[in-house]
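# Architecture at a glance
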Amino acid sequence: MTLSELRISTDRLVIRPFVPDYFAAFFAYHRLPDVYRYLYQEPLDETAARAKFAKASAPELADDGDVAVFAVERQEDGALIGEVLLKLASRAAEQAETGYIFNPAFAGKGYATEAMRAILDLGFSTLHFHRIFARLDALNKGSVGVVERLGMRREAHLIENDRFNGTWGDELVYALLKREWQAKSEIG
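Report follows, based on the coordinates.

Looking only at helices and strands, one finds 6 helices and 8 strands in the chain. Helices and strands appear in the chain in the N-to-C order β-β-α-α-α-β-β-β-α-β-α-β-β-α. Relative to the globule expectation of 16 Å for 188 residues, the C-alpha radius of gyration of the chain, 16 Å, shows essentially globular dimensions. In terms of its C-alpha atoms, the chain occupies a principal-axis envelope of roughly 40 × 40 × 35 Å. Put simply, the chain has 188 residues, and 46% of those count as buried. For the chain, the proportion of contacts with a sequence separation of at least 24, taken over those separated by at least 6, is 58%.

Encoded structure:
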């Protein structure tokens, strides 16, 4: 299986590569200020969204820095509700960064946690990463809840390490090792 053929089904979701039909829904949430509030950049205009969508439509993890982004669709109606990603941080150290963006219209239903559980399992069980980490804005309480529910450990609190529109922000780093994931999987 290549990443462009990936299809993971969970109880309520399907995680798969982006297809052209997803662009309208992708742009609908990528243009929202609420979505970009913790991402230290402006919401995307249509040109930038098309470029990001094209890149997201070709998931690859061959070289350090490559990013594989996957669409998250709801099984019940096929609606695109967000995306999850793995970024190859270091092939030599077998490390990846993970992240996600969801349409706020679907917030509070556990979709991000469910999708991230599937992407962590992919990263550890199929892609054989040793460590997967997430970087979050310290004010993003929703995302902190997601990674903590997944059993990720807080490893760092970076103080005023980024600045956007003249405002300094703190960053939290959470991580999980493959052996920790396997132990959690055996229990639950």
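Within this structure, the stated rule accounts for 8 salt bridges. Taking the shortest distance from any N to any O, the salt bridge between E114 and R12 comes out at 2.7 Å. Linking E114 in helix α4 (residues 111-126) with R12 in the loop between β1 (8-9) and β2 (13-16), this pair joins segments that are 102 residues apart in sequence. For D77, the salt bridge is made with R74, and the minimal N-O distance between the two is 2.5 Å. R74 gets classed as buried once you look at its relative accessible area, which sits at 13%.

Let's shift gears to the pairing of β2. Every regular strand shows the same layout, with side chains that alternate between the two sheet faces. Here β1 runs beside β2; their pairing, made up of 2 bridges, is antiparallel. Residue pairing in the sheet places S9 in a bridge with V14 of β2. A loop of 3 residues connects β1 with β2, the two strands running antiparallel in sequence.

Turning our attention to the side chain of R74. Tracing the backbone shows R74 in strand β3 (residues 67-74). At a separation of 2.5 Å, a polar atom in the side chain of R74 contacts the side chain of D77. Residues within four places of R74 in sequence aside, it is in contact with R12, L13, A79, I81, F106 and Y111.

Another point: the packing of helix α1 (residues 23-30) against helix α3 (residues 46-56). Contact geometry for α1 and α3: axes closest at 10 Å, N-to-C directions at 120°. The angle between α1 and α3 places the two elements in the oblique class. The two elements α1 and α3 cross, and the hand of that crossing is right-handed. Seen from α1, the contacting residues are F23, F26, F27 and H30; seen from α3, they are E46, A49, R50, K52 and F53. Of the residues contributing to the contact of α1 with α3, the split by class is 5 nonpolar, 1 polar and 3 charged.

A separate point is unusual backbone geometry. We note that E94 has phi near 55°; this positive angle belongs to a residue other than glycine. Here E94 shows up in the loop between β4 (80-90) and β5 (95-102). Residue class for E94 comes out partly exposed when judged on its relative accessible area of 41%. Although it is not a glycine, E160 adopts a positive phi angle of roughly 45°. Mapped onto the elements, E160 comes out in strand β7 (residues 153-164).

Cut-offs and rules
- Residues numbered from 1 in each chain as written.
- Predicted model: local features only at pLDDT ≥ 70, side-chain atom pairs only at ≥ 80, totals over all residues.
- Heavy atoms only, no water.
- Helix = DSSP H or I, 4+ residues; strand = E, 2+ residues; numbered from the N terminus.
- Rg over C-alpha atoms; globule rule 2.2 N^0.38 Å.
- Buried < 20%, exposed > 50% of the residue type's maximum accessible area, 1.4 Å probe, protein only.
- Contact = heavy atoms within 4.5 Å.
- Salt bridge = Lys/Arg side-chain N within 4 Å of Asp/Glu carboxyl O.
- Pairing = 2+ DSSP bridges.
- Polar contact = N/O pair within 3.5 Å; in protein donor to acceptor, adjacent residues only side chain to side chain.
- Axes fitted to C-alpha atoms, helices over the stretch in contact; angles between N-to-C directions.
- Parallel < 35°, antiparallel > 145°, perpendicular 65-115°, else oblique.
- Left-handed = near helix turned anticlockwise from the far one by under 90°.
- Nonpolar A, V, L, I, M, F, W, Y, C, P; charged D, E, K, R; others polar.

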